[in-house]
Amino acid sequence: MKLIKTMTFTLALLSSPLALAHAGVHLSHGFVEGLLHPLTGLDHLLMLLGVGAMGAWMVAQKRLALYAGAIISLLGGALLGLATGWGAGVEEIILLSLFVIAACLFFKRSNPVAMVAALMLVLFHGWAHGIEMPAGDVAAFLPGMLLMATVLMGVGFMLGKLIQPKWLGAGSGVAAALIVVLG
């Protein structure tokens, strides 16, 4: 019964217009909006939880490198998006990233190739943020976004400790597919 409730809740969330955080809507991007943005876009939520879960079976040094690299990649992507304003193909890469993370979780991959792939794909999540941010609000929005990203990776780590990687990967893959379909 609990599984049915969880699946129903997940489907309701995924059918929400908040399923993607990049609908082209520009909010006032202060610190609070930075905190909330990773929570209001399921694409970001899944990616950050997935990266956090990837670290659950790594040794502490590799885990720290993954998490620090993800934050640096997210920040770098945001700055690149802000600087270039170029967004062609970014949403497609973000959707692809969800399937890559799902596969890494399912096959319990923590090798250097999987880590580099995850970090490169996090860059595009940041890039999308950078495209949407007004230049005047960067100093307020980015710290909130990076703080919430860190919290979400911590939650992902805990999920990775509690749930088998195959189930996390399968669930992530289904959620990614639903985002593509319901988009």
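Residues numbered from 1 in each chain as written. Predicted model: local features only at pLDDT ≥ 70, side-chain atom pairs only at ≥ 80, totals over all residues. Heavy atoms only, no water.

Colleague: How should the overall build of the protein chain be read in this particular structure?
Modeller: When helices and strands are tallied, the protein chain shows eight helices and zero strands. Taken over 183 residues, the protein chain has a buried fraction of 46%. The long-range share in the protein chain, meaning contacts at least 24 apart out of those at least 6 apart in sequence, stands at 83%. As displayed, the protein chain offers around 9,100 Å² of accessible surface, 76% of which is attributable to carbon and sulfur atoms. (Helix = DSSP H or I, 4+ residues; strand = E, 2+ residues; numbered from the N terminus. Buried < 20%, exposed > 50% of the residue type's maximum accessible area, 1.4 Å probe, protein only. Contact = heavy atoms within 4.5 Å. Areas by Shrake-Rupley, 256 points an atom, 1.4 Å probe, with all protein chains shown as cover.)

Colleague: Help me understand the packing of helix 2 (residues 31-40) against helix 3 (residues 42-54), please; the structure alone is not making it clear to me.
Modeller: Helix packing geometry: the angle between the two helix axes and the distance between the axes. Between helix 2 and helix 3, the shortest axis-to-axis distance is 5 Å and the interhelical angle comes to 85°. One element, helix 2, and the other, helix 3, form an angle in the roughly perpendicular class. The residues of helix 3 that touch helix 2, namely those facing H37, P38, L39 and T40, are L42, H44, L45 and L48. Taken together, the residues that form the contact of helix 2 with helix 3 break down as five nonpolar, three polar and no charged. (Axes fitted to C-alpha atoms, helices over the stretch in contact; angles between N-to-C directions. Parallel < 35°, antiparallel > 145°, perpendicular 65-115°, else oblique. Nonpolar A, V, L, I, M, F, W, Y, C, P; charged D, E, K, R; others polar.)

Colleague: Just checking my understanding: could you explain the nonpolar core for this structure?
Modeller: Side chains of nonpolar character tend, in soluble globular proteins, to be buried together. Counting residues in hydrophobic clusters, the biggest one holds 41 residues, and the most contacted among them are V51, M54 and L66. When contributions to this core are tallied by element, the ones reaching two or more residues are helix 3, helix 4 (60-84), helix 5 (90-106), helix 6 (112-132), helix 7 (138-162) and helix 8 (165-182). The greatest single-element share of this core, amounting to nine residues, is contributed by helix 7. Apart from residues no more than four positions distant in its own chain, L66 is found in contact with V51, M54, G55, M58, M115 and L119. (Core = buried A, V, L, I, M, F, W, Y, C linked by side-chain atoms within 4.5 Å.)

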